[in-house]
Amino acid sequence: MQFSVITLFPELVESVVAEGVVGRAEKRGLMELKCVNPRDFTEDVHRTVDDRPYGGGPGMLMRPDCLLKTIRSERERLGKAKVIYLSPQGKPLEQSMLQALSEEGSAILLCGRYEGIDERVIDLEVDEEWSIGDYVLSGGELAAMVVVDGVTRLLPEALGHKGSAIEDSFTDGLLDCPHYTRPERIEDLDVPKVLLSGNHQHIEKWRKKQALGRTQLRRPDLLQNTELNESDKVLLIEFMKEIKT
Ligand SMILES: Nc1nonc1C(=O)NCc1ccc(Cl)cc1
């Protein structure tokens, strides 16, 4: 997977590959991250990347000329690569979008700063606009790092164990079940007995039931888009009965 991140703050973005699963994936060549600074595509002596907004208003915008040059330079280098602009105006990010991007092979992530970028950059070169949530950050870099992290961990061989519990839950559209590790008892709280039983069928059933119940209680909206099979419906009814007792 080849990422090209267009950003005025390359060091900020590069920190995403400093540690952990993403860092190891990059070291192992499963993923490649290149940060490209639009300032390197300016032609004036001051290397100007921003300018005042037509129509007035507070703050500055990113100039279109150096952004277009940077995007086109990376498109040429990567061949077919989707250009994704990170902004609160974008499509809300979901696991399915990360999964799809992980199968693309390459992506160009465009990070804005200031009050925005010239709209003609979006018209001319942006394929998709994505949002990581309904709030405003000071730039697109953290959102781009979210995408790099979320995609990289989906690459085959990126995770040591085949698919994690977190993976399964969001993949089947549910929240994750509770998790426990040693000690068995801490501050008078015990690990659920089923997890100590060694009965993998019971354990799997309990985990599914917890995931279904938690999703119903915390994010019933997620259940709207998930078609539950008969056995899941029974598990959910059992869970809801148990919490009422
Ligand atoms: N929420 C979000 N999801 O993706 N990105 C965001 C976000 O707040 N970006 C800040 C931002 C984006 C573009 C520009 Cl020009 C300036 C600041």
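Residues numbered from 1 in each chain as written. Predicted model: local features only at pLDDT ≥ 70, side-chain atom pairs only at ≥ 80, totals over all residues. Heavy atoms only, no water.

### A word on unusual backbone geometry
Stage number 1. Of the consecutive residues Arg182 and Pro183, the connecting peptide bond is found in the cis state with omega at 5°.
Stage number 2. By the element assignment, Pro183 lies in the loop between helix 7 (165-171) and strand 8 (185-186). (Helix = DSSP H or I, 4+ residues; strand = E, 2+ residues; numbered from the N terminus.)

### Things to note about the site of the ligand
Stage number 1. Every one of the 20 residues lining the ligand counts as a neighbour, but Arg113, Ile132, Gly133, Tyr135 and Leu137 are closest to it.
Stage number 2. One nitrogen or oxygen atom from the main chain of Tyr135 is found 2.9 Å from a nitrogen atom belonging to the ligand.
Stage number 3. Within the contact set of the ligand, an oxygen atom lies 2.8 Å away from a backbone nitrogen or oxygen of Leu137.
Stage number 4. Computed on the free molecule, the ligand has an accessible area of 420 Å², of which 96% lies beneath the protein chains in the complex.
Stage number 5. Secondary-structure elements contributing two or more residues to the shell around the ligand are strand 5 (82-92) and strand 7 (128-131).
Stage number 6. A class-by-class count of the residues in the shell around the ligand yields 11 nonpolar, eight polar and one charged. (Near = heavy atom within 4 Å. Polar contact = N/O pair within 3.5 Å; in protein donor to acceptor, adjacent residues only side chain to side chain. Areas by Shrake-Rupley, 256 points an atom, 1.4 Å probe, with all protein chains shown as cover. Nonpolar A, V, L, I, M, F, W, Y, C, P; charged D, E, K, R; others polar.)

### Let's talk about the packing of helix 4 (residues 95-102) against helix 6 (residues 141-152)
Stage number 1. The interhelical angle for the contact between helix 4 and helix 6, taken along N-to-C directions, is 70°, at an axis separation of 9 Å. Between helix 4 and helix 6, the angle is such that the two are roughly perpendicular. For the pair helix 4 and helix 6, contact is made by Leu98, Leu101 and Ser102 and by Val147, Gly150 and Val151, respectively.
Stage number 2. Considering only residue class, the contact of helix 4 with helix 6 consists of four nonpolar, two polar and no charged. (Axes fitted to C-alpha atoms, helices over the stretch in contact; angles between N-to-C directions. Parallel < 35°, antiparallel > 145°, perpendicular 65-115°, else oblique. Contact = heavy atoms within 4.5 Å.)

### Here's the deal with the environment of Arg113
Stage number 1. Tracing the backbone through its elements, the reader meets Arg113 in the loop between strand 6 (106-111) and helix 5 (119-125).
Stage number 2. Arg113 sits in the buried class, given a relative accessible area of 16%.
Stage number 3. Dropping the residues within four chain positions of it, Arg113 is found in contact with Leu8, Phe9, Leu12, Met62, Ser138, Gly139 and Glu141.
Stage number 4. Looking at Arg113, its side chain comes within polar contact range of the side chain of Glu141, at 2.8 Å. (Buried < 20%, exposed > 50% of the residue type's maximum accessible area, 1.4 Å probe, protein only.)

### Structural notes on the environment of Thr226
Stage number 1. Position of Thr226 among the secondary structure elements: in the loop between helix 9 (220-224) and helix 10 (230-244).
Stage number 2. The spatial distance from the C-alpha of Thr226 to the C-alpha of Lys34 is 37 Å, given a sequence separation of 192 residues.
Stage number 3. With sequence-adjacent residues up to four places away left out, Thr226 is seen in contact with Asp172 and Gly173.
Stage number 4. Reaching out from Thr226, the side chain makes a polar contact with the backbone oxygen of Leu222 at a distance of 2.9 Å.

Take it as geometry only, folks, not as evidence of what the structure does.
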